[in-house]
Amino acid sequence: MPYCYFQQPKIYSPWHTLYDPREVQKILQKRRDHSRHIKEKLHLQKLHLPMNKLTLQSQVASKPLGPISDPLKWQRLKELTESLKSPIEEEQRYAAQALGCLGISDKFILEALREVVKTGTMKVKSEACRTLALLGCLNKHVIHALIQQLKGCNEAQRMETLVGLRMALNKWVAVPKEKRIQVEDEGKLVSLLQRLMNVLPIDEALEAALCLGFLRPCSKVVQEFLLQCLGQGPKTQQMKALWMLVKMMHVHSAVVIRAILEQLSSSAVLEHRLEANNLLRTIGLEAIQGQGLEGLTFDLLRKMLYNEPFLALRKAVAETVEKLKMKPLMMNLVEAQLMDPSASTRQEAIISLGALGIRSPQVYHLLLDMLDVEKNQNVKNSLQKTLILLGSTDAWIQKKLKNKVLFVYEPPVTRVKPETLTFWKEPESPEELTIQDFRLAKLRPLFTTKYSAKTDQEEKLTAKNESVSQPTINSDTAFTSVKPVKGMPWVKGPWELRTLL
């Protein structure tokens, strides 16, 4: 990252100030004084996947919006509400959908949406009802409209309605029970969702089951269906089922724990691995011990500490190890592996310490001794990276490394063999020859001009070929005759004039 730009606006500098040395020194001083490592540490500690990543919760603004606080967004909302009155159906649908995406539930927006539900076409009514549900309006008219959409034969529209309903219920369940509004005609909606869960394809049935999980978290039928989803379908669907089982239904069985460990070890999505780690922390040590999976969990977390490529997840796994009260045993194992004769084992232990940390000065001095005597380059690179990482978050280690020079060598990842140093090659075409002054050319020059339609000029150049003065090349690579400059020596040599016809 260049020194002229940083995350905070006050450390950003315009380009024209870079040429002033005093401004550059000010910028560098700001970066030195900025406690960047503290913010990075807090960011890594809080880097867990939020609920809305898995449940697609609608982003509803909590602060009141007005023309003063955010005039551009306020103007956009006004334009969308005016578009709801447009005679063009597509503009109305787009406006209703955009209002749902923005997630602003101001009074004038809800009134405009209710009005278009009464007067709009069927497609506009459907889109407006989904938007009202997303904005937290779950009254009788909205629920009836959603039920009619779910009963329809259009699979795409039914799927959109199920996803929108799940997002609305996710927002609804996040509100404390004493402040929740009542979902009107909840019984009709629940019976319809139960029927859809049994007859629809797996992806639509899962969405219906997730909606039922918000409305009926103690339903055994929904729990059994979600447990069946853990063994089939893509891992994205399995992650949704896991979240509902652990967070809403509080199911901590062996099947659920094994599915969490499977997501943590083999999911290709970083957010899913982060959320699986969070779910494992939610279950706790007692439930894991009660299912007899403590050893399996310990081995998997131990592997994640060095095998996971992302530092944020390794830090999160280290926090889970500490919460599950496995850190003392893990530290003993890792510190013992530092003296292992296998280079790969030592490297794994060093990477693990980067996430777990150092608990004693003896281990720190051992790492410094290893830095001096280690012969394996990969292990040495990992050791230097770990020391730099620990020094960025630990003041004591940073002070100890103040006078220590660390250099991490990483060979370039390329398959192209480096070319040997050669002299500049002679240009293949005359157009590539760009000599600005003939007096600087020591080799015999070859000049070629393009065909010119000026025949009289060519005749003059041919007639005066013997007495031509010092030539120069202009931007069009054409020859012109100029007068000799006083004080400048003539360039002697055999000149050739060729004209391409």
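See above for the structure.
The text that follows walks through the structure, step by step, so that each part is easy to find. (Residues numbered from 1 in each chain as written. Predicted model: local features only at pLDDT ≥ 70, side-chain atom pairs only at ≥ 80, totals over all residues. Heavy atoms only, no water.)

**Here's the deal with unusual backbone geometry**
- Of note in this structure, aspartate 185 is not a glycine but carries a positive phi near 55°.
- Turning to its location among the elements, aspartate 185 is positioned in the loop between helix H9 (155–174) and helix H10 (186–199).
- For aspartate 185, a relative accessible area of 23% corresponds to the partly exposed category.
- At histidine 250, a position not held by glycine, the phi torsion is positive, near 55°.
- Counting through the fold element by element, histidine 250 comes out in the loop between helix H13 (235–248) and helix H14 (254–266).
- The class for histidine 250 is exposed, based on a relative accessible area of 56%. (Helix = DSSP H or I, 4+ residues; strand = E, 2+ residues; numbered from the N terminus. Buried < 20%, exposed > 50% of the residue type's maximum accessible area, 1.4 Å probe, protein only.)

**Structural notes on the packing of aromatic side chains**
- Counted under the stated rule, the structure contains two aromatic pairs.
- Between phenylalanine 214 and tryptophan 243 the ring centres are 6.3 Å apart and the planes differ by 55°, which places this aromatic pair in the tilted class. Linking phenylalanine 214 in helix H11 (residues 202–215) with tryptophan 243 in helix H13, this pair joins segments that are 29 residues apart in sequence. The pair formed by phenylalanine 214 and tryptophan 243 is uniform in burial state, with each residue classed as buried.
- A cation sits over an aromatic face here: lysine 78 above phenylalanine 108, 4.5 Å from the ring centre.
- Sitting above the plane of the tryptophan 172 ring, arginine 180 keeps its charged end 5.1 Å from the centroid. (Phe/Tyr/Trp six-rings, centres within 6.5 Å; stacked < 30°, edge-to-face > 60°. Lys NZ or Arg CZ within 6 Å of the ring centre and 35° of its normal.)

**Quick word on H14**
- The end-to-end C-alpha distance of H14 is 18 Å, a good match for the 18 Å that 13 residues give at a rise of 1.5 Å each.
- Three or more residues of H14 are buried, namely Val256, Ile257, Ala259, Ile260, Leu261, Gln263 and Leu264.
- On the buried face of H14, the contacting elements are helix H12 (220–229), H13, helix H15 (270–283), helix H16 (285–290) and helix H17 (294–307). (Expected span 1.5 Å × (residues − 1). Contact = heavy atoms within 4.5 Å.)

**Quick notes on the nonpolar core**
- Ranked by internal contacts, the top residues of the largest apolar core, which has 112 residues, are Leu113, Leu193, Leu226, Ile260 and Leu301.
- In terms of residue count, the dominant contributor to this core is H11 (nine residues).
- Dropping the residues within four chain positions of it, leucine 113 is found in contact with Leu84, Ala96, Leu99, Ala128, Thr131, Leu132 and Leu135. (Core = buried A, V, L, I, M, F, W, Y, C linked by side-chain atoms within 4.5 Å.)

**A short note on the pattern of salt bridges**
- The final tally for this structure, using the stated rule, is twelve salt bridges.
- Residues lysine 235 and glutamate 262 are paired through a salt bridge, measuring 3.7 Å at the closest nitrogen-oxygen approach. Residue lysine 235 is found in helix H13, and its partner glutamate 262 is found in helix H14; the two are separated by 27 residues along the sequence.
- Classification of glutamate 262 as partly exposed rests on a relative accessible area of 39%.
- A network of salt bridges, in which partner residues are shared, links Glu127, Arg130 and Glu160. (Salt bridge = Lys/Arg side-chain N within 4 Å of Asp/Glu carboxyl O.)

**Observations concerning the environment of leucine 165**
- Along the polypeptide, leucine 165 turns up in helix H9.
- On the accessibility criterion, leucine 165 (1% relative accessible area) is buried.
- The spacing of leucine 165 and arginine 130 is 35 residues in sequence and 7.4 Å in space, taken between C-alpha atoms.
- Not counting chain neighbours up to four residues away, the residues in contact with leucine 165 comprise Leu146, Leu189, Leu193 and Cys211.

**Side note on the packing of H15 against helix H18 (residues 311–323)**
- The geometry of H15 relative to H18 is characterised by a closest axis approach of 10 Å and an angle of 10° between their N-to-C directions. Taken as axis vectors, H15 and H18 run roughly parallel relative to one another. From H15, Leu270, Arg273, Leu274, Asn277, Leu280 and Arg281 reach across to H18, where they touch Leu313, Ala316, Val317, Glu319, Thr320 and Lys323.
- Of the residues assigned to the contact of H15 with H18, the class counts are six nonpolar, two polar and four charged. (Axes fitted to C-alpha atoms, helices over the stretch in contact; angles between N-to-C directions. Parallel < 35°, antiparallel > 145°, perpendicular 65-115°, else oblique. Nonpolar A, V, L, I, M, F, W, Y, C, P; charged D, E, K, R; others polar.)

**What about the side chain of arginine 314?**
- With respect to the helices and strands, arginine 314 occurs in helix H18.
- An unpaired buried charge is present at arginine 314: no salt bridge exists, and glutamate 308, the closest side chain of opposite charge, is 6.5 Å distant.
- From its side chain, arginine 314 meets the backbone oxygen of proline 309 in a polar contact 3.5 Å long.
- Excluding anything up to four places from it in sequence, arginine 314 contacts Met304, Leu305, Tyr306, Glu308, Pro309, Ile351 and Ala355. (Lys, Arg positive; Asp, Glu negative; His and termini not counted. Polar contact = N/O pair within 3.5 Å; in protein donor to acceptor, adjacent residues only side chain to side chain.)

**Concerning helix H4 (residues 71–83)**
- Over its 13 residues, H4 extends 18 Å from the first C-alpha to the last, a length consistent with the 18 Å expected when each residue adds 1.5 Å.
- Those residues of H4 that fall on the buried side of the exposure criterion are Trp74, Leu77, Leu80 and Thr81. Along H4, the residues classed as buried sweep out an arc of 125° about the axis, all on the same side. Exposed residues pointing more than 90 degrees away from the buried face of H4 are listed as Leu72 and Glu82.
- Here the buried face of H4 lies against helix H5 (89–102) and helix H6 (107–119). (Arc of directions from axis to C-beta.)

**A short note on the side chain of threonine 81**
- Structurally, threonine 81 can be placed in helix H4.
- Look past the residues within four positions of threonine 81 in its chain and what remains in contact with it is Leu99, Phe108, Ile109 and Ala112.

Nothing here speaks to function; it is geometry throughout.
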